[in-house]
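If you want the building blocks of each chain, they are given just below.
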Amino acid sequence: MTNTPEARSDAPLTAPGEILHVGAADYPGLDEWRSLPLSQQPDWRGHEDFDSAYAELSAHPPLVFAGEVDKLKRRLAKVANGEAFLLQGGDCAETFDGVTADKISAKVKTILQMAVVLTYGASLPVVKMGRMAGQYAKPRSSDVETRDGVTLPTFRGEIVNGFDFTEESRVPDPKRMVKAYHKSAATLNLVRAFTEGGFADLRAVQQWNKGFMQNPAHARYERLAGEIDRAVRFMEACGADFEGLKRTEFYAAHEALLLDYERALTRIDSRTGKPYVTSGHFVWIGERTRELDGAHMDYLSRVQNPVGVKLGPTTTPETVLEIIEKLDPEREPGRLTFIVRMGAANVREKLPPLVRAVSDAGAKVVWVTDPMHGNTITADNGYKTRRFDDILDEVRGFFEVHRSLGTYPGGLHVEMTGDDVAECLGGSDVIDESAFDQRYESLVDPRLNHKQSLELAFLVAESLTTVK
Ligand code: PEP
Ligand code: MN
């Protein structure tokens, strides 16, 4: 269950004194990336504020602690072993203005709601993780953007520059890294308060899900919702310790794209003497920066965090094996997660050779489906969007592949929000293109809205229950 005692965070993470982190200024190898090919970075090293911003970040306290990171790795080892399921969700790009109590709580609430449904469907604990508290840097296909004959640097996420199409806003500003740190700290503080302070109460989460069921568009999920409700009432009748179930673990994840930020927030854990990225618990390398000999791969190979790597449709089995060699030479369970984003049309054909290669090599990784990034289209009215049905189809394809190979489909990675936006097409409470002008808010990729996210969780849970 979501809140099984073993998934709870009631045990002390570390003994007093063990969570001290020291700076990582001279740690061997941590600056190797600086001499390697480094893509997708702003050109700001010569900026007058770069050194002071970097120094300030380096002196700030870590956002997460090594003990928490190790604990997450143990949870992910369970996922790799087929004993838990991973749910990763959140914005494509967080925004500074999006750091409000309403927006953060809606997002956390939606993830908790999805997790309860998936927990029931899988009959397994769900590891909950937000693309939150650090998801501010974006890779882009072009360094520049031209509008009406004016060419400016492309928008790289609010940790780098502004979204407005003006010269002033698009100039990369290193002080934004410090702002992103503070916004991440504020986000994490609220997330911790919610998830440790009673907000995650299973009964409350179940009540929110009843709100979803009141919409006639969702009538087809009545049976499953009723079963979950009965299960919760059964637990209550049996005298389950709901006090203990009021808290849950919730982890923060983001793409480790901006290596100046990640390097400045790397600390040496005093227990083990090893480096940890302390900007978030889990970090991943994106599809555009996973060159084997590149800076990103090198940097994450040197830190202790659990790491993810996105795998797009051009990935070969050889590459996958080389990534394992590079990032997980010790074959440490929970260390490496492959986040597969092939597209609905590709996943059934392109994923099996990769899964087979990994199994044949005896490696144990977490396999996660990202059904968003291979299914992006442009709507007739110009908006970047995704079809709910394509997203669902890719998830189904991912499950089918693992089922046929006897391997474990370990998780779901989605771009979503707790708000009532209109960015992805479809869902039972249908979103069509006409709603985009009023309710499209994302600065980069389209997200599932609150209802679409929950609906996806119900559909995935249904297919998990029917295979049993
Ligand atoms: C993302 O996760 O927002 C992203 C850019 O993904 P990918 O690297 O898979 O394209
Ligand atoms: Mn995205």
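Cut-off values and rules
Residues numbered from 1 in each chain as written. Chains lettered and ligands numbered in written order. Predicted model: local features only at pLDDT ≥ 70, side-chain atom pairs only at ≥ 80, totals over all residues. Heavy atoms only, no water. Salt bridge = Lys/Arg side-chain N within 4 Å of Asp/Glu carboxyl O. Helix = DSSP H or I, 4+ residues; strand = E, 2+ residues; numbered from the N terminus. Buried < 20%, exposed > 50% of the residue type's maximum accessible area, 1.4 Å probe, protein only. Expected span 1.5 Å × (residues − 1). Axes fitted to C-alpha atoms, helices over the stretch in contact; angles between N-to-C directions. Parallel < 35°, antiparallel > 145°, perpendicular 65-115°, else oblique. Contact = heavy atoms within 4.5 Å. Nonpolar A, V, L, I, M, F, W, Y, C, P; charged D, E, K, R; others polar. Near = heavy atom within 4 Å. Polar contact = N/O pair within 3.5 Å; in protein donor to acceptor, adjacent residues only side chain to side chain. Areas by Shrake-Rupley, 256 points an atom, 1.4 Å probe, with all protein chains shown as cover. pLDDT = per-residue confidence, 0-100. Pairing = 2+ DSSP bridges. Left-handed = near helix turned anticlockwise from the far one by under 90°.

A.B. asks: Tell me about the pattern of salt bridges, and name the residues and values.
C.D. replies: Applying the stated criterion to the full structure yields 40 salt bridges. Across the salt bridge formed by Asp 70 and Arg 271, the nearest N and O atoms sit 2.5 Å from each other. Placement of Asp 70 in helix 2 (residues 66-80) and of Arg 271 in the loop between strand 7 (266-269) and strand 8 (275-277) is noted, with a sequence separation of 201 residues between them. Exposure remark for Asp 70: the relative accessible area of 17% places this residue in the buried category. Taking the relative accessible area as the measure of exposure, Arg 271 reaches 29% and is therefore partly exposed. For the salt bridge of Glu 145 with Arg 147, the shortest nitrogen-to-oxygen distance reads 2.8 Å. Among the residues examined, Glu 145 registers a relative accessible area of 23% and is labelled partly exposed. By relative accessible area, which is 36% here, Arg 147 ends up partly exposed. Salt bridges sharing common partners tie together Arg 131, Lys 384, Arg 386, Glu 415 and Asp 445.

A.B. asks: Break down helix 3 (residues 101-122) for me, with residues and values.
C.D. replies: Between its first and last C-alpha, helix 3 extends 31 Å over 22 residues, near the 32 Å set by a 1.5 Å rise per residue. Among the 22 residues of helix 3, 17 are classified as buried, and the element is accordingly described as predominantly covered.

A.B. asks: Please provide a residue-by-residue account of the packing of helix 1 (residues 50-59) against helix 5 (residues 175-196), values included.
C.D. replies: A pair of packed helices is captured by two measures, namely the crossing angle of their axes and the spacing between those axes. Remark: helix 1 packs on helix 5, axes separated minimally by 8 Å, with the N-to-C direction vectors making an angle of 25 degrees. The orientation of helix 1 with respect to helix 5, classified from their angle, is roughly parallel. Contacts from Phe 50, Ala 53, Glu 56 and Leu 57 of helix 1 reach helix 5 at Lys 175, Met 177, Val 178 and Tyr 181. A breakdown of the residues in the contact of helix 1 with helix 5 according to their chemical character gives 6 nonpolar, no polar and 2 charged.

A.B. asks: So, the site of ligand 1: which residues are in play, and what are the values?
C.D. replies: In the vicinity of ligand 1, the contacting residues are Cys 92, Arg 131, Lys 138, Pro 139, Trp 284, Gly 286, Glu 287, Arg 288, Lys 310, Arg 341, His 373 and Glu 415. Lys 310 is positioned such that a nitrogen or oxygen atom in its side chain is 2.8 Å from an oxygen atom of ligand 1. One nitrogen or oxygen atom from the side chain of Glu 415 is found 3.0 Å from an oxygen atom belonging to ligand 1. Bound to the protein, ligand 1 loses 98% of the 300 Å² it would expose on its own. Of the residues belonging to the shell around ligand 1, the class tally is 3 nonpolar, 2 polar and 7 charged.

A.B. asks: I'd like a description of the confidence of the model for the protein, backed by residues and values.
C.D. replies: Considering every residue of the protein, the mean pLDDT works out to 93; 95% of them sit at 70 or more. Per-element mean pLDDT across the protein ranges from 71 in strand 1 (residues 21-23) up to 99 in strand 9 (residues 282-285). Every residue in residues 1-19 scores below 50 in pLDDT, and together they form 48 contacts with partners more than four places removed in sequence or on other chains.

A.B. asks: Please set out the sheet that holds strand 15 (residues 411-415) residue by residue, giving values where relevant.
C.D. replies: Taken in spatial order, the 8 strands close into a barrel running 2-3-6-9-10-11-12-15, and their pairing is parallel. When strand polarity is set aside, the average angle formed by the axes of neighbouring strands in this sheet is 25 degrees. Alignment of strand 6 (residues 251-255) against strand 9, held across 3 bridges, turns out to be parallel. If you follow His 254 over to strand 9, its bridge partner there is Val 283. Along the sheet face, helix 11 (residues 347-360) touches strand 10 (307-311), strand 11 (336-340) and strand 12 (366-369) and points at about 165 degrees away from the line of strand 12.

A.B. asks: Mind laying out helix 12 (residues 388-405), listing which residues take part and the relevant values?
C.D. replies: Across its 18 residues, helix 12 extends 26 Å between first and last C-alpha, which sits within 8% of the 26 Å expected from 1.5 Å per residue. Inspection of helix 12 places Phe 388, Ile 391, Leu 392, Glu 394, Val 395, Gly 397, Phe 398, Phe 399, Val 401 and His 402 among the buried residues, and these make up the whole buried set. One or two residues past the end of helix 12 sits Gly 406, with phi positive at roughly 75 degrees.

A.B. asks: I'd like a rundown of the packing of helix 6 (residues 202-213) against helix 7 (residues 222-237), residues and numbers included.
C.D. replies: Interhelical geometry of helix 6 versus helix 7 gives an angle of 155 degrees and a closest axis separation of 11 Å. Viewed along their axes, helix 6 and helix 7 adopt a mutual orientation that is roughly antiparallel. In terms of crossing hand, the pair formed by helix 6 and helix 7 is left-handed. Contacts between helix 6 and helix 7 involve Leu 202, Arg 203, Gln 206, Lys 210 and Met 213 on the former and, on the latter, Glu 222, Ala 225, Ile 228, Asp 229, Val 232, Met 235 and Glu 236.

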